[in-house]
Amino acid sequence: MEIAKQCLPDSNRKSLPDESQLGFGMHFTDHMFLMDYEHGKGWHDPRIVPYGPVMLEPAAACLHYAQAIFEGLKAYRGIDGKIRLFRAGDNVKRLNRSAVRMCIPKVDEDLAHRAICELVTVDKRWVPSSNGTSLYIRPFIFANEPFLGVRPAKKYIFCIIASPVAAYYKEGFSPVKIYVTDKYVRAARGGTGEAKAAANYAASLMASEEAKACGFTQVLWLDAAERRYIEEVGTMNIFFVFDDILVTPALSGSILAGITRDSTIKLASGWGMNVQERQVTIDEAIELSQQGRLKECFGTGTAAVVSPVGSLHYKDKDYIINGSKTGELARRLFDELTGIQYGACPDHHGWIETI
Ligand code: COI
């Protein structure tokens, strides 16, 4: 299917935001991608159009029953001026896995991948060049059928928007303080935790607001059944260095299969590290911390990249990790990942495509 283009004349395009004030997800490019789905007709009418409001009936199913999923990936302006996309094909595959879980019709993966590339090409002047900035790309699908019965909707919109961004956390690459909650849970096995479902993020808000009000950056989630097994942290997957072993919770069905998580495992294994994907209890992490054997802890995610964790707060106590300083491995992973993304390091894994 051809992607139709209705592009704005240069004179009607917005002025670019100040790159030193980008923040995260506050500015949007000149254009967006749209495609519609209707039962019996399938996905149709892929198009790039000026960024703007989308018409929705008040009865649109997504507003009532949260049939909505999303993805997040980035385009980077390299040190050579070229624009690089990181693992876009993996994001498209995960979008379809989320779609299946939420009873949303899958999209054609080649078309979705092409839509991302074409939108970045049309809006390439929006890919920022300052250190640590990128163009965050947000593909998402939501049900827009006006119908109040509870069943999978018969109409959907697939949309892709893009936003020039800087670091996700105000701390940048400095260690963040994490609150371990045993009061709230994010997802249960058999639920939607593995899907990038919009509703998972709504479910996380109350705990993170309470944590933020107490001075913490994010919440570390434990499993829903026993509140013992570590799952993930806020908008990231979590890693620990126990002695010299890199450990991350195994994908249990309620944890998001992060693409930066997978890149981290592949890079560290390639460096000869012992990497374990297994169940980790909060008690194990605390015990090893008390024995001085929890050497490092960090989160990984597209928005956050690699984010060192300086302390864990659990049951009214703070456990300081690595003197609240960025660890050696977090630094090395951050440098290597961003090196690949900005073209300063060779891409041995085939993760990059240039636009
Ligand atoms: C991402 O890293 O792309 C995420 O999904 C986090 C986002 C919710 C800010």
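Owing to the predicted nature of the structure, the values given are computational and were not obtained by experimental measurement.

**Student:** Got a minute to help me understand the packing of helix α2 (residues 88–101) against helix α3 (residues 109–122) in this structure?
**Tutor:** The description of two packed helices rests on the angle between their axes and on the distance between the axes. In contact at an axis separation of 10 Å, α2 and α3 are set at 130° when each is read in the N-to-C sense. What the angle tells us is that α2 and α3 run oblique. Between α2 and α3 lies a crossing of right-handed hand. Residues Ala88, Gly89, Val92, Lys93 and Asn96 of α2 touch α3, and the partners they reach there are Glu109, Ala112, His113 and Ile116.

**Student:** How do you make sense of the layout of surface pockets when you look at a structure like this?
**Tutor:** Where empty space is left can be seen by rolling a probe of water-molecule size over the atoms. There is about 1000 Å³ of room inside the largest pocket. Phe24, Arg138, Tyr168, Tyr201 and Thr235 are, among the 43 residues lining the largest pocket, the residues nearest its centre. Breaking the lining of the largest pocket down by element, the ones donating at least two residues are β4 (68–70), β7 (134–143), β8 (155–165), α4 (198–213), β10 (218–222), α5 (259–270) and β15 (294–301). Take the lining of the largest pocket: its biggest share by element is seven residues, from α4. Residue composition of the lining of the largest pocket, by class: 19 nonpolar, 16 polar and eight charged. Each of domain 1 (4–165) and domain 2 (176–342) gives at least three residues to the lining of the largest pocket. Size it by volume and the second largest pocket reaches roughly 260 Å³.

**Student:** What exactly am I supposed to notice about the site of the ligand here?
**Tutor:** In the neighbourhood of the ligand, the contacting residues comprise Phe70, Gly72, Tyr136, Arg138, Tyr168, Lys196, Tyr201, Thr235, Thr302 and Ala303. With respect to the ligand, the side chain of Tyr136 contributes an N or O atom lying 2.6 Å from an oxygen atom. Take Thr302: an N or O atom from its main chain is 3.2 Å from an oxygen atom of the ligand. Burial of the ligand by the protein amounts to 92% of the accessible area it has alone, namely 280 Å². According to the grid-proximity analysis, the pocket containing the ligand is the largest pocket. For the shell around the ligand, the residue count by class is five nonpolar, three polar and two charged.

**Student:** Can you help me understand empty space enclosed by the protein in this one?
**Tutor:** Overall, the coordinates contain two cavities of 30 Å³ or more when judged by the stated rule. Put simply, the largest cavity is a space of about 90 Å³. If you go around the largest cavity, the residues you meet are Gly72, Leu73, Lys74, Tyr76, Phe86, Asn91, Ile259, Thr260, Gly301, Thr302, Val305 and Gln341. Every element with two or more residues in the lining of the largest cavity is listed here: β5 (73–77) and α5. With three residues, β5 is the single largest residue contributor to the lining of the largest cavity. Among the residues making up the lining of the largest cavity, the classes are represented as five nonpolar, six polar and one charged. Here the lining of the largest cavity spans two domains, since at least three of its residues come from each of domain 1 (4–165) and domain 2 (176–342). Considered as a void within the structure, the second largest cavity measures approximately 40 Å³ in volume.

Rules used throughout
Residues numbered from 1 in each chain as written. Predicted model: local features only at pLDDT ≥ 70, side-chain atom pairs only at ≥ 80, totals over all residues. Heavy atoms only, no water. Axes fitted to C-alpha atoms, helices over the stretch in contact; angles between N-to-C directions. Helix = DSSP H or I, 4+ residues; strand = E, 2+ residues; numbered from the N terminus. Parallel < 35°, antiparallel > 145°, perpendicular 65-115°, else oblique. Left-handed = near helix turned anticlockwise from the far one by under 90°. Contact = heavy atoms within 4.5 Å. 1 Å grid on protein atoms, 1.4 Å probe; cavity = no way out; pocket = protein on both sides within 12 Å on 5 of 7 lines; lining within 4 Å. Points joined across faces, edges and corners; volume = space filled by probe spheres on them. Nonpolar A, V, L, I, M, F, W, Y, C, P; charged D, E, K, R; others polar. Domains from an automatic or database assignment. Near = heavy atom within 4 Å. Polar contact = N/O pair within 3.5 Å; in protein donor to acceptor, adjacent residues only side chain to side chain. Areas by Shrake-Rupley, 256 points an atom, 1.4 Å probe, with all protein chains shown as cover. Sits in = over half its atoms within 2 Å of the grid points.

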